[in-house]
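What follows is the residue order along each chain.
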Amino acid sequence: MTAPLSLTRSGTGEPLLLLHGWGSSRRDFTAVLPALSERFDVINVDLPGAGRSRHLDERPTVAAIADAVERTLDAEDVGRVHVLGNSLGARVALELARRGRARSVVAIAPSGLNVGPERVHQGTGMAMARLAGRTTAPLLGRLSRSRLGRTALLLPLKTRPWSTSQEEAIGAREGFADSRDFWRTLLWALLLDVPRGLGHIDCPVLFVQGTADWIAMGQTVRYVPLVPRSRFRPLLAAGHAPQSDRPGTIVRLVERTAKLAADADEAGTLPSEAVIGLPRAS
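The chain has the name Alpha/beta fold hydrolase in an unreviewed UniProt entry, where Blastococcus deserti is given as its organism.

Given below as structure tokens:
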């Protein structure tokens, strides 16, 4: 059994779990972490094989990754959590919601519902990024220190890569060049994953996708009819990992979605009934 995942924990309040996408690490939430820590007890983890987390011994399916996340929450003595996830992390967030472990979910560009040609496109892009990252690994530290270098590293993921931090660029290096078990995770958790049981999710869920996201393509909105009373929010001029493209908006969306869960608890209603009133963010 794999040890609990590497994490940082900051802030006070209700627990909020951050789950990054494959090809990054927990550093990808650098832009939103300070504001979220003012409102939540933020648990920011490295997924298995990324950052400082050990890879899984078992096949790295979404279910196995979710198992590892649950073990980590148990080790931290944390029960149900609000979750902000991106890409693969958003897909894992939905699996946690299906298991009843999530109080609310903001899922940014979750993987899992792309059709065959889109999976080929995604797999090819991820493979090329991995090979490029491994080839240029000695240069990535230097590139991360300049705006031009960060633009080159993060352009496929962000619409404003020049404004990102060095931490986010290092996260891309950790995700693509340095990650362990990259190919098995790409195969089992992304290319072969087929979500099931989404109709059992009974917490507020907001799906989010940047309008300039060419990686997730059209799959995010396909989740909406499958998850009861979920909602969809496009992010204008934002990319696949928009945490630094629209940080203020993402923080507000997390706060509003978490409040729906709190309101449902206070009113004694089912969480899914409260989602009907999910406000549209400005």
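Q: I'd like a description of the side chain of Thr-249, backed by residues and values.
A: With respect to the helices and strands, the residue Thr-249 is situated in helix H10 (residues 247–267). With a relative accessible area of 5%, Thr-249 lands in the buried category. Within the structure, Thr-249 has its side chain in polar contact with the side chain of Arg-246 (distance 3.2 Å).

Q: If you had to explain the sheet that holds strand E7 (residues 231–235) to someone new, which residues and values would you point to?
A: A sheet is described by the order of its strands in space; here seven strands give the open sequence E1-E3-E2-E4-E5-E6-E7, paired in mixed fashion. The open sheet has two edge strands with one neighbour each: strand E1 (7–10) and E7. Going across the sheet, the axis of each strand differs from the next one's by a mean of 20°, ignoring polarity. Across four bridges, the pairing between E1 and strand E3 (residues 40–45) is antiparallel. Along E3, the bridge assignment pairs Ser-10 with Val-42. Relative to the sheet, helix H2 (residues 62–75) contacts E1, strand E2 (14–19), E3 and strand E4 (81–86), its axis offset from that of E2 by approximately 145°. Running over the sheet, helix H3 (residues 88–98) touches E2, E4, strand E5 (102–108) and strand E6 (205–210) and is turned about 155° from E5.

Q: Account for the nonpolar core, naming residues and giving values.
A: The biggest cluster of nonpolar side chains holds 43 residues, and the ones touching the most others in it are Leu-17, Leu-19, Val-69, Leu-88 and Val-105. Looking at this core, the elements with two or more residues in it are E2, E3, H2, E4, H3, E5, helix H8 (182–191) and E6. Counting 21 residues, the second-largest nonpolar core is a separate cluster that includes Leu-16, Val-42, Ala-238 and Ile-250.

Calculation rules
- Residues numbered from 1 in each chain as written.
- Predicted model: local features only at pLDDT ≥ 70, side-chain atom pairs only at ≥ 80, totals over all residues.
- Heavy atoms only, no water.
- Helix = DSSP H or I, 4+ residues; strand = E, 2+ residues; numbered from the N terminus.
- Buried < 20%, exposed > 50% of the residue type's maximum accessible area, 1.4 Å probe, protein only.
- Polar contact = N/O pair within 3.5 Å; in protein donor to acceptor, adjacent residues only side chain to side chain.
- Pairing = 2+ DSSP bridges.
- Axes fitted to C-alpha atoms, helices over the stretch in contact; angles between N-to-C directions.
- Contact = heavy atoms within 4.5 Å.
- Core = buried A, V, L, I, M, F, W, Y, C linked by side-chain atoms within 4.5 Å.

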